[in-house]
Amino acid sequence: MLTSSWLTRYPLAVIVLAQLFGTSLWFSVNGVGLALQEAVGLSEGDLGLLTIAVQAGFITGTLLIAITGLADRMRASHLFALSAVLGALINAAFIGVADSITLAAVARFATGLCLAGIYPLGMKLVVSWTPSHAGAALGWLVGMLTLGIASPHLLRGLTLHLPWQWPLLLASLLALVAAYMIFRLGVGPHLPAKASTGRPWAGLNAFKQRQFRKAALGYFGHCWELYAFWALVPFLVSRELERLSASASLQPWLSFAIIALGLPGCVWAGRWSRKAGSAHVASVALLTSGVLCLVYPLLGSLSPWLLLALLGIWGVSVIADSAQFSALASDHAPAERLGAALAMMNAIGFGLTIPSIALVTTLWASQSVAVIWWLLPGPVLGLIAMRGLNLPSAKA
């Protein structure tokens, strides 16, 4: 068991580990997607629906905590812990309703609601403990989010010869550990001590700030691509394994590896941001993933090994900019409404993931790798919106 002294001595480490454990709930069903297709007859479209349900729940939850001001009225550590406990219970309850697509979608929607109290509040907790060099600190946080989203594929690989329910139960257990860690840690000293009592929609006020708006628009383009790519990874990996005549049992391991490569990508981006600035790093990462969106379908008939390598590069770049957008937004949002502003930005950004996920999962069967071109508008429009975006030199 983690000791209380360790929990309070290394706050950033505690937060990022808790983020890893808590966000293992996010793609927990996707990690066992192939097994669910065999066990209860789900289609690719059904799996897409369940992914969209999580996103819709997350969007609804972030809107609720932003509109009500809950993100700034309630202690961030308490809201995080409560959300992680409820998410763990609902994720486990999914097992009992998986054979009904309607009830399964409701369970995933409820899981998304709980995740709204984990991810944005994790960002606020990081800022509350380590306000300097937020880009580097948030790089670790988003890296752990990435590893958390990849972890269901790892859990499935480790339990491949066990029933599909095991990875879901293990993800719920990790979320309970996350709740304990953050509850014991508490909130850092670098945010206003008094909770905000502003108007319900005050989180939108941050968009009046030109630099915040540019960061948010770049983030929206990033969101259009990111989760749709993650949803496609198992399909893309399975395609290349079939072309190699390799065992399908490799699919969860390779899917985990490709998504998990986002962790070093985020950490590298965070370190680089201390020298080059968050805006420059975000632009380079978004440009890299945008180029991959453009060329990957054109290379679809080449060696499977080349395409798997490109997926690895994409896994690094596709998430590397996320923390930098959050750092830029955190720098330009009003401190007393930071939680609400970040939650509102997350809500809008994740709203854009729904049509992109729906497009690629629905059209995969008919378009194969060509569906990737549907992701290209995100990086292109995001880069256009980011022109002129910079942090003040004093905070870079």
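Residues numbered from 1 in each chain as written. Predicted model: local features only at pLDDT ≥ 70, side-chain atom pairs only at ≥ 80, totals over all residues. Heavy atoms only, no water.

Engineer: So what's going on with the pattern of salt bridges? Which residues, and what values?
Structural biologist: This structure, assessed with the given rule, holds two salt bridges. Salt-bridge contacts for E240 lead to R239; the nearest nitrogen and oxygen are separated by 2.6 Å. A relative accessible area of 19% places R239 in the buried class. With a closest N to O distance of 2.6 Å, E240 and R243 form a salt bridge. Here E240 and its partner R243 are both found in helix α11 (residues 210-244), three residues apart, which amounts to about one turn of the helix. The class of E240 is buried, set by a relative accessible area of 0%. (Salt bridge = Lys/Arg side-chain N within 4 Å of Asp/Glu carboxyl O. Buried < 20%, exposed > 50% of the residue type's maximum accessible area, 1.4 Å probe, protein only. Helix = DSSP H or I, 4+ residues; strand = E, 2+ residues; numbered from the N terminus.)

Engineer: Report on the confidence of the model for the protein chain, specifying residues and quantitative values.
Structural biologist: For the protein chain, the average pLDDT comes to 83, and 88% of its residues sit at 70 or higher. Here helix α1 (residues 4-9) is the element of the protein chain with the lowest mean pLDDT, 53, and helix α15 (residues 304-320) is the one with the highest, 94. Between residues 391-396, whose pLDDT stays under 50, and residues either more than four places distant or in other chains, the model counts ten contacts. (pLDDT = per-residue confidence, 0-100. Contact = heavy atoms within 4.5 Å.)

Engineer: Give a detailed account of unusual backbone geometry, specifying residues and quantitative values.
Structural biologist: The bulk of non-glycine residues show a negative phi, and the bulk of peptide bonds are trans. Phi angles above zero are rare outside glycine, and S245 is one such case at about 55 degrees. In this fold, S245 is placed in the loop between α11 and α12 (251-260). Phi at S368 is positive, roughly 50 degrees, even though this residue is not glycine. Locating S368 in the fold gives a position in the loop between α18 (353-367) and α19 (377-385). Its relative accessible area of 25% is what places S368 among the partly exposed residues.

Engineer: Can you break down the nonpolar core residue by residue, with the values?
Structural biologist: W26, Y227 and W230 are the most contacted members of the largest nonpolar core, which has 107 residues in total. Sorting elements by how many residues they give to this core places α11 first, with 17 residues. Aside from chain neighbours lying at most four places away, what touches Y227 is W26, F27, Q55, L145, I149, F350, T353 and I357. The next biggest cluster of nonpolar side chains, apart from the first, holds 15 residues, and it includes V29, L50, A98 and A105. (Core = buried A, V, L, I, M, F, W, Y, C linked by side-chain atoms within 4.5 Å.)

Engineer: Let's hear about the packing of helix α2 (residues 11-22) against helix α8 (residues 119-129): which residues, and what values?
Structural biologist: Viewed as axis vectors pointing N to C, α2 and α8 meet at an angle of 175 degrees, and their least axial separation amounts to 10 Å. What the angle tells us is that α2 and α8 run roughly antiparallel. Residues P11, L12, I15 and Q19 of α2 pack against Y119, G122, L125, V126 and W129 of α8. Broken down by class, the residue content of the contact of α2 with α8 amounts to seven nonpolar, two polar and no charged. (Axes fitted to C-alpha atoms, helices over the stretch in contact; angles between N-to-C directions. Parallel < 35°, antiparallel > 145°, perpendicular 65-115°, else oblique. Nonpolar A, V, L, I, M, F, W, Y, C, P; charged D, E, K, R; others polar.)

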